[in-house]
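# Coordinate analysis (summary)
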Amino acid sequence: MKILVINPGSTSTKIAVYENETPLLIRNIKHTTEELAAFPRIIDQFEFRKNLVLKALESEKIPFNFDAIIGRGGLLKPIPGGVYEVNDVMLDDIIHAMRNHACNLGCLIASELSLLLPGCRAFIADPGVVDELEDVARITGSPLMPKITIWHALNQRAIARRFAKEQRTKYEDLDLIVCHLGGGISVAVHRHGRAIDANNALDGSGPFSPERAGTLPAGQLIDLCHSGRFTNDELKKRISGRAGLAAHLGTTDIPTVIRSIEAGDHHAKLILDAMIYNIAKEIGAAATVLYGKADAILLTGGIAHSDYVISRLKERISFIAPVYVYPGEDELEALALNALGALRGELPIQVYK
Ligand SMILES: Nc1ncnc2c1ncn2[C@@H]1O[C@H](COP(=O)(O)OP(=O)(O)OP(=O)(O)O)[C@@H](O)[C@H]1O
Ligand SMILES: CCCC(=O)O
């Protein structure tokens, strides 16, 4: 069986082709802040990202012939984890999504391309809106604003399962803190296979990240909203997109920031160190959810490639539990295995309503 995998991230478009469990193509196309700034809305990147997929296939001479196309799931309604067939309700919810994130393009591109091939199915799996929070984790200080979670469910779970396999145990038998360090940063508590707490890495809570503001001072935010300085859309970009490192330093690229630090840029050092400090605090808070008894802390995502970040993070969090580092992500493989499992009847195909 041949599967095309499409994973649009906030700073990259990742593409894979699998023939059964064997990868035939893995491609990570990185996007600069300026390149993406040319598109007023993320939905406007549809043709651009779709054409990147088609060009990658063409340049590798991979025939356009697939049994299924699976995209990274978008910001739908909160749903249980698993594989979902793309349907009209899902496409409609994505087109009218309240929240912007490149992952919204995953099911749109998968759907459009699958229509070119008779019999080809379009899926998503474990989107960022997977919600398994404990009731107590949902309560905030305002009944008007219950906590919602938007996190890297797909990669966190894939990495947690990989760790469990390496430890010759089951994911469902472990208590883990997993932190995905990407364009957005999510920290989730996985208690015996269920993510009972996770931040809203997109526009709500947690540490700031390469392109997100994280938790902000609420009063100052309200004043800024009423200052007349920004439109609604501009303000949203100040929270997600042109926020975090992008706002402070004009780039989301960690190697670029580190080169500036090595060249003596004290401001760049202050900002990156502050990001690390805030990530460590979020992981410390997650430890309290498990009464301090985590089996391990797993660090993953693109930034986990950075020795600068990881060594400083470890200094602050190693007292909590052993730290394991999985640079990059297993999202492409996890998506491919989900599509294969669905086609083979090994995984239930859920219907999004
Ligand atoms: N070799 C590397 N060394 C240091 N940092 C890296 C390296 N490769 C990628 N990064 C950083 O990782 C971040 C992107 O991570 P990742 O690819 O996991 O996120 P994404 O898929 O674009 O976004 P997200 O999944 O959060 O939507 C960027 O800030 C990038 O600079
Ligand atoms: C699902 C999106 C998570 C993120 O990038 O913050």
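Just so it is clear, the structure is predicted and the values come from calculations on it, not from any experiment.

Calculation criteria
- Residues numbered from 1 in each chain as written.
- Chains lettered and ligands numbered in written order.
- Predicted model: local features only at pLDDT ≥ 70, side-chain atom pairs only at ≥ 80, totals over all residues.
- Heavy atoms only, no water.
- Helix = DSSP H or I, 4+ residues; strand = E, 2+ residues; numbered from the N terminus.
- Rg over C-alpha atoms; globule rule 2.2 N^0.38 Å.
- Buried < 20%, exposed > 50% of the residue type's maximum accessible area, 1.4 Å probe, protein only.
- Contact = heavy atoms within 4.5 Å.
- Lys, Arg positive; Asp, Glu negative; His and termini not counted.
- Charge placed at Lys NZ, Arg CZ, Asp CG, Glu CD.
- Near = heavy atom within 4 Å.
- Polar contact = N/O pair within 3.5 Å; in protein donor to acceptor, adjacent residues only side chain to side chain.
- Nonpolar A, V, L, I, M, F, W, Y, C, P; charged D, E, K, R; others polar.
- Domains from an automatic or database assignment.
- Buried area = accessible area lost by both parts, 1.4 Å probe.
- Salt bridge = Lys/Arg side-chain N within 4 Å of Asp/Glu carboxyl O.
- Areas by Shrake-Rupley, 256 points an atom, 1.4 Å probe, with all protein chains shown as cover.
- pLDDT = per-residue confidence, 0-100.

### Focus on the overall build of the protein
On a plain count of helices and strands, the protein comes out with 13 helices and twelve strands. Against the globule reference of 20 Å for 353 residues, the protein gives a C-alpha radius of gyration of 20 Å, in line with a compact fold. In terms of overall dimensions, the protein has a C-alpha envelope of 55 × 50 × 45 Å along the principal axes. Buried residues in the protein amount to 52% of all 353 residues. Put simply, 69% of the contacts in the protein that link residues at least 6 apart link residues at least 24 apart. Taking the average location of the 38 positive side-chain charges in the protein and that of its 42 negative ones, the two points are 2 Å from each other.

### Description of the site of ligand 1
Taken together, 22 residues lie around ligand 1, and T11, K14, T252, I254 and G302 are the ones closest in. S12 has a polar side-chain atom sitting 3.2 Å from an oxygen atom of ligand 1. The separation between an oxygen atom of ligand 1 and a polar main-chain atom of G183 is 3.0 Å. Within the residue set of the shell around ligand 1, elements represented by two or more residues are strand 2 (12-19) and helix 10 (254-262). Looking at the shell around ligand 1, its residues break down into four nonpolar, 15 polar and three charged.

### Some words on the domain arrangement of the protein
What the domain assignment reports for the protein is domain 1 (2-129 + 331-350) and domain 2 (153-327). On the domain 2 side, the residues contacting the 18 residues of domain 1 number 18 residues. Buried surface at the junction of domain 1 and domain 2, both sides included, amounts to about 1300 Å², of which 54% is carbon and sulfur. On the domain 1 side of the contact with domain 2, T33, D126 and E331 bury the most area, a combined 36% of that side's loss. Scanning the region where domain 1 abuts domain 2 turns up one salt bridge. Among the ionic pairs, D203 bridges to R99, the shortest N-O distance being 2.7 Å. Summed over the shared surface of domain 1 and domain 2, the number is four residue pairs in polar contact (both at pLDDT 80 or more). Of all the secondary structure elements, the ones that give two or more residues to the side of domain 1 that touches domain 2 are helix 1 (33-37) and helix 13 (331-343).

### Things to note about the site of ligand 2
Lining the immediate environment of ligand 2, one finds R72, H101, G128, W151, H152, G184, A201, L202 and R212. One of the side-chain N or O atoms of H101 is found 2.8 Å from an oxygen atom in ligand 2. A distance of 2.5 Å is found between an oxygen atom of ligand 2 and a side-chain nitrogen or oxygen belonging to R212. Relative to its free-state accessible area of 230 Å², ligand 2 is covered by the protein chains to the extent of 98%. Three or more residues apiece are contributed to the shell around ligand 2 by two domains, here domain 1 (2-129 + 331-350) and domain 2 (153-327).

### Thoughts on unusual backbone geometry
One non-glycine residue, R168, lies in positive phi territory at about 55°. One non-glycine residue, Y291, adopts positive backbone phi at about 50°. When you line up the elements, Y291 lands in the loop between helix 11 (266-289) and strand 10 (296-301). Given a relative accessible area of 73%, Y291 falls into the exposed group.

### Section: the confidence of the model for the protein
Summary statistics for the protein give a mean pLDDT of 96 and a share of 100% for residues scoring 70 or more. Overall fold confidence (pTM) sits at 0.92, and the ipTM for the predicted complex is 0.97.

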